[in-house]
Amino acid sequence: MKAALIGEKTSGSLTPKLHEQEAKAQGFAYRYDRIDPSKTHPELHSVSDCLEWAEANGFAGVNITYPFKNDAVAYVDELSPIAEKLASVNTVVFCEGRRIGHNTDYGGFSKALDEALQNQRKTTCVLFGAGGAASAVGLALLDAGAQKLTVIDPQQDRAQELSDRLSALRPGCTIAPSRLCTDDILVKANGVVNATPLGMGADQRKAFDPANLTLGTWVADIVYFPLETPLLQASMVCGLPVVSGRGMALNQAAEAFQLITGRQANVARMSAHLSELLDEKTPHSETEHV
């Protein structure tokens, strides 16, 4: 059985090893490759080309990451309910000549949030980023109890588009786009999530300064390498509760594994494998994506 990760700058992703180690533990042959149009497969010029190539070469399915999660929606035959709502696909299963698009980011972040912050308030949240992963995180925040959500992205049109989509999905909630982050937005928040690549690998940038948050506000980051990103490190110095990207990475990978292979992952074992891989990993100068 073969699978792959489609995206750019994926050389540091732990997803291939995580999938392969779980398959090995279950005793079946499984190879997980990388399909990067900018590096490994320069003959492929779009996510459409990548999907056609993978399907023609007998892959059981693929994961999709930056910058193709939204574009992939147009090249599948069927969408899972959550992928259709978010207009974002990060897993495609090839089944009897059809492409089925799924989104495991939503479930991955929802579970991570529930596991880490069961007793924390989530009524007013701020989301940094408006890409494919951010859309899943935004809906998960609303379903976790957020009544007010501010979506911040330097590209105002992207922030507006995601805000409009989330507002349509959860009309009882107040969702506002913003190109800039102000102290007033941060000081009113119960929780703030970074759903951008900032802080990944050797990147020392932070989406915002956690010193501007009210004491008790929680901070989450979907970046999982390093586990303690510059943002989370600064948040801990401020005495704020933090949630690393580990839980989301683990849970979405376990769900994707089951979709592609048809076999349920042993999450505890996969978690141990992830810890081993993170211990082995060293900072990488290139921005990396899961």
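If you're wondering where the values come from, they're calculated on a predicted model, not measured in any experiment.

S.K.: Can you tell me about the pattern of salt bridges, naming the residues and giving the values?
M.R.: Using the criterion set out here, one finds nine salt bridges in the structure. Here D105 makes a salt bridge to K69, at a shortest N to O gap of 2.7 Å. Of this pair, D105 sits in helix 4 (residues 105-116) while K69 sits in the loop between strand 3 (61-64) and strand 4 (78-79); the two residues are 36 residues apart in sequence, bridging distant segments of the chain. Here R158 makes a salt bridge to D153, at a shortest N to O gap of 3.0 Å. With a relative accessible area of 32%, R158 lands in the partly exposed category.

S.K.: Which residues make up helix 1 (residues 15-26), and what values go with them?
M.R.: With twelve residues, helix 1 extends 17 Å from end C-alpha to end C-alpha; this agrees with the ideal 16 Å at 1.5 Å per step. Within the span of helix 1, buried status applies to T15, P16, L18, H19, E22 and A23. Of the surrounding elements, those touching the buried residues of helix 1 are strand 2 (31-35), strand 3, helix 9 (246-261) and helix 10 (267-280). Among the residues trailing helix 1, G27 stands out with phi positive, at a value near 85°.

S.K.: Explain the pairing of strand 5 (residues 91-95) to me, using residue names and the numbers behind them.
M.R.: The buried count for strand 5 comes to four of five residues, which makes it a mostly enclosed element. Inspection of the sheet shows strand 3 paired to strand 5 by three bridges, in the antiparallel sense. Considered in strand 5, the bridge of G61 is made with V93. The pairing of strand 5 with strand 6 (residues 98-102) spans five bridges and is classified as antiparallel. Bridging from a neighbouring strand, V92 pairs with G101 of strand 6. Between the antiparallel neighbours strand 5 and strand 6 lie two residues, among them E96 with a positive phi of about 50°.

S.K.: Give a description of the packing of aromatic side chains that names residues and reports values.
M.R.: This model, assessed by the stated rule, comprises six aromatic pairs. Judged by centre distance (6.2 Å) and plane angle (50°), the ring pair of F28 and F257 falls under tilted. Of the two residues, F28 is situated in the loop between helix 1 and strand 2 and F257 in helix 9; the sequence distance between them amounts to 229 residues. Given a relative accessible area of 0%, F257 falls into the buried group. Plain terms: the ring middles of Y30 and F257 are 5.9 Å apart, the flat faces sit at 85° to each other, and that makes the pair edge-to-face. Taken together, the residues span a long stretch of sequence, with Y30 in the loop between helix 1 and strand 2 and F257 in helix 9 at a distance of 227 residues.

S.K.: Would you mind going over the nonpolar core in detail, with residue names and values included?
M.R.: One finds F109, L127, L141, L149 and V193 to be the most contacted residues of the largest nonpolar core, which totals 32 residues. Of all the secondary-structure elements, those providing two or more residues to this core are helix 3 (81-86), helix 4, strand 7 (124-128), helix 5 (132-143), strand 8 (148-152), helix 6 (156-169) and strand 11 (218-221). No other element matches helix 5, which puts eight residues into this core. Once residues lying within four places of it in the same chain are set aside, the contact partners of L141 are F109, L113, C125, A146, L149, V193 and W218. Core analysis: the second largest hydrophobic core is formed by 22 residues, A3, L5, F28 and Y30 among them.

Criteria and cut-off values
Residues numbered from 1 in each chain as written. Predicted model: local features only at pLDDT ≥ 70, side-chain atom pairs only at ≥ 80, totals over all residues. Heavy atoms only, no water. Salt bridge = Lys/Arg side-chain N within 4 Å of Asp/Glu carboxyl O. Helix = DSSP H or I, 4+ residues; strand = E, 2+ residues; numbered from the N terminus. Buried < 20%, exposed > 50% of the residue type's maximum accessible area, 1.4 Å probe, protein only. Expected span 1.5 Å × (residues − 1). Contact = heavy atoms within 4.5 Å. Pairing = 2+ DSSP bridges. Phe/Tyr/Trp six-rings, centres within 6.5 Å; stacked < 30°, edge-to-face > 60°. Core = buried A, V, L, I, M, F, W, Y, C linked by side-chain atoms within 4.5 Å.

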